[in-house]
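# Survey of secondary and tertiary structure
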Amino acid sequence: YRGPYSSYPIKLFYTSNIPIILQSALVSNLYVISQMMSIRFSGNFFVNLLGTWQEAGGGGPARSYPIGGLCYSLSPPETLGHIAEDPIHAVLLPVPARDPG
């Protein structure tokens, strides 16, 4: 004897990957457009609101880091040292903008 048999419906919350992909694509496009405009129109007030960039020094591959504007606000802290330097940036960073890897 197995006892009473009945099915219990489980309602699962369906989440799609599409919003994550779209958010990543939009932020990537914002970074690229901001870098191009920052190079071309570096002194413009509205371009600086979009993002200001700094070239990374060192012997590795060339890389620009956002140091101001909207792009800086959307970028995750690189290291624990950056969190210590600017804790408000780490706390106020929107959760969907955090890059998992």
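Everything quoted here is computed from the prediction, not taken from an experiment.

### Side note on a nonpolar patch on the surface
A surface patch of nonpolar side chains, amounting to about 440 Å² of accessible area, comprises V32, I33, M36, M37 and F41. Secondary-structure assignment places M36 in helix α1 (residues 18-40).

### Focus on the nonpolar core
Grouped together as the largest cluster of nonpolar side chains are 7 residues: V27, L30, Y31, L50, W53, C71 and L74. Within the residue set of this core, elements represented by two or more residues are α1 and α3 (69-74).

### Side note on the packing of aromatic side chains
Applying the stated criterion to the full structure yields 2 aromatic pairs. Centroid distance Y31 to W53: 5.6 Å. Interplanar angle 75°. Geometry classified as edge-to-face. Residue Y31 is located in helix α1, and its partner W53 is located in strand β1 (residues 52-55); the two are separated by 22 residues in the primary sequence.

### Description of α1
Each α-helix winds once per 3.6 residues, and so residues spaced three or four apart point in a common direction. Its 23 residues place the ends of α1 33 Å apart at the C-alpha level, agreeing with the 33 Å of an ideal helix rising 1.5 Å per residue. For α1, every residue scored as buried is listed here: V27, L30, Y31, S34 and S38. Tucked inside the fold, the buried residues of α1 contact α2 (45-50), β1 and α3.

### Quick look at the pattern of salt bridges
Per the counting criterion, the structure on display carries 1 salt bridge. Among the ionic pairs, R63 bridges to E78, the shortest N-O distance being 3.2 Å. Here E78 lies in the loop between α3 and α4 (80-85) and R63 lies in the loop between β1 and β2 (64-68), a separation of 15 residues in the sequence. On the accessibility criterion, R63 (40% relative accessible area) is partly exposed. The class for E78 is partly exposed, based on a relative accessible area of 41%.

Quick notes on the rules
Residues numbered from 1 in each chain as written. Predicted model: local features only at pLDDT ≥ 70, side-chain atom pairs only at ≥ 80, totals over all residues. Heavy atoms only, no water. Patch = residues over 30% accessible without salt bridge, like charges linked within 9 Å, V, L, I, M, F, W, Y side chains within 5 Å. Areas by Shrake-Rupley, 256 points an atom, 1.4 Å probe, with all protein chains shown as cover. Salt bridge = Lys/Arg side-chain N within 4 Å of Asp/Glu carboxyl O. Helix = DSSP H or I, 4+ residues; strand = E, 2+ residues; numbered from the N terminus. Core = buried A, V, L, I, M, F, W, Y, C linked by side-chain atoms within 4.5 Å. Buried < 20%, exposed > 50% of the residue type's maximum accessible area, 1.4 Å probe, protein only. Phe/Tyr/Trp six-rings, centres within 6.5 Å; stacked < 30°, edge-to-face > 60°. Expected span 1.5 Å × (residues − 1). Contact = heavy atoms within 4.5 Å.

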